[in-house]
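Tertiary structure, described
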Amino acid sequence: MDNTNKDYVINLRVSRATYEKIKHKARENSESVSTLIRKAISDSVEIIGDLSDELFQKREKFKDIIGYHRFKTAQELECAQCRSKIPAGETATVGETEKTRKYFFCKICRP
Ligand SMILES: [Zn+2]
């Protein structure tokens, strides 16, 4: 029998204090415990990845962008390339990645 596409569940045993803390955080964010943990792992992986890339300069900047969109800003943003402020109501470019991360670019950096 081929079980290569089957998903498996990993149960983790944690202390009551840790469980209560996680449950409290989930309630604060109106999320389920599993959603909170998924997001925490996803965010951690992204942050560790960014730090690792910067420390070891493995990856060129913005290499994880899979597409660009032009959009009108609803609030002030910072350009990911030159760090200048992009005012609200301006046309800017967003670089989307497969993850939740987005990069915003001013008109000069991505016209
Ligand atoms: Zn810029």
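The preceding data block contains the structure.
In what follows, the accompanying structure is described. Just so it is clear, the model here is predicted, and its values are computed rather than measured.

**Considerations on the overall build of the chain**
On a plain count of helices and strands, the chain comes out with two helices and five strands. For the chain, whose C-alpha radius of gyration is 19 Å, the value lies well above the compact-globule estimate of 13 Å for 111 residues. For the C-alpha atoms alone, the extent of the chain along its principal axes is close to 50 × 40 × 30 Å. Each of the 111 residues in the chain was classed as buried or not, and the buried ones make up 4%. Pairs at least 24 apart in sequence give 40% of the contacts found in the chain among residues at least 6 apart.

**Focus: unusual backbone geometry**
Backbone geometry at phenylalanine 62 places phi at a positive 65°, although glycine is not the residue there. Here arginine 83, not a glycine, exhibits a phi torsion of approximately 70°, which is positive. Relative to the elements of secondary structure, arginine 83 occurs in the loop between strand E2 (77-78) and strand E3 (85-86). Here arginine 83 falls in the exposed class, since 9 other C-beta atoms lie within 10 Å of it.

**Quick look at the environment of isoleucine 41**
Along the chain, isoleucine 41 falls in helix H2 (residues 33-56). The class for isoleucine 41 is exposed, based on 10 C-beta atoms found within 10 Å.

**Concerning H2**
With 24 residues, H2 extends 34 Å from end C-alpha to end C-alpha; this agrees with the ideal 34 Å at 1.5 Å per step. Across the 24 residues that make up H2, only a small minority, zero, are buried.

**Quick word on the sheet that holds strand E4 (residues 91-97)**
Ordered in space as E1-E4-E5, the three strands form an open sheet in which the pairing is antiparallel. Here the strands that pair on one side only, and so sit at the sheet edges, are strand E1 (65-72) and strand E5 (102-105). Shown here is a sheet whose adjacent strand axes are inclined to one another by a mean of 25°, direction ignored. As paired elements, E4 and E5 share four bridges and run antiparallel to each other. Residue pairing for E5: glycine 95 is matched across the bridge by tyrosine 103.

**A closer look at the pairing of E4**
Judged from the seven bridges that link them, E1 and E4 form a sheet pairing that is antiparallel. Residue pairing for E4: arginine 70 is matched across the bridge by threonine 93.

**Quick look at helix H1 (residues 16-28)**
An ideal rise of 1.5 Å per residue puts 18 Å on 13 residues; H1 measures up with 18 Å between its terminal C-alpha atoms. Judged by how many residues are buried, H1 sits mostly at the surface: zero of 13 residues are covered. A positive phi of about 50° marks serine 30, the residue just after H1.

Here is what the cut-offs are and how they apply
Residues numbered from 1 in each chain as written. Predicted model: local features only at pLDDT ≥ 70, side-chain atom pairs only at ≥ 80, totals over all residues. Helix = DSSP H or I, 4+ residues; strand = E, 2+ residues; numbered from the N terminus. Rg over C-alpha atoms; globule rule 2.2 N^0.38 Å. Buried ≥ 20, exposed ≤ 12 C-beta atoms within 10 Å, placed from the backbone. Contact = placed C-beta atoms within 7 Å. Expected span 1.5 Å × (residues − 1). Pairing = 2+ DSSP bridges. Axes fitted to C-alpha atoms, helices over the stretch in contact; angles between N-to-C directions.

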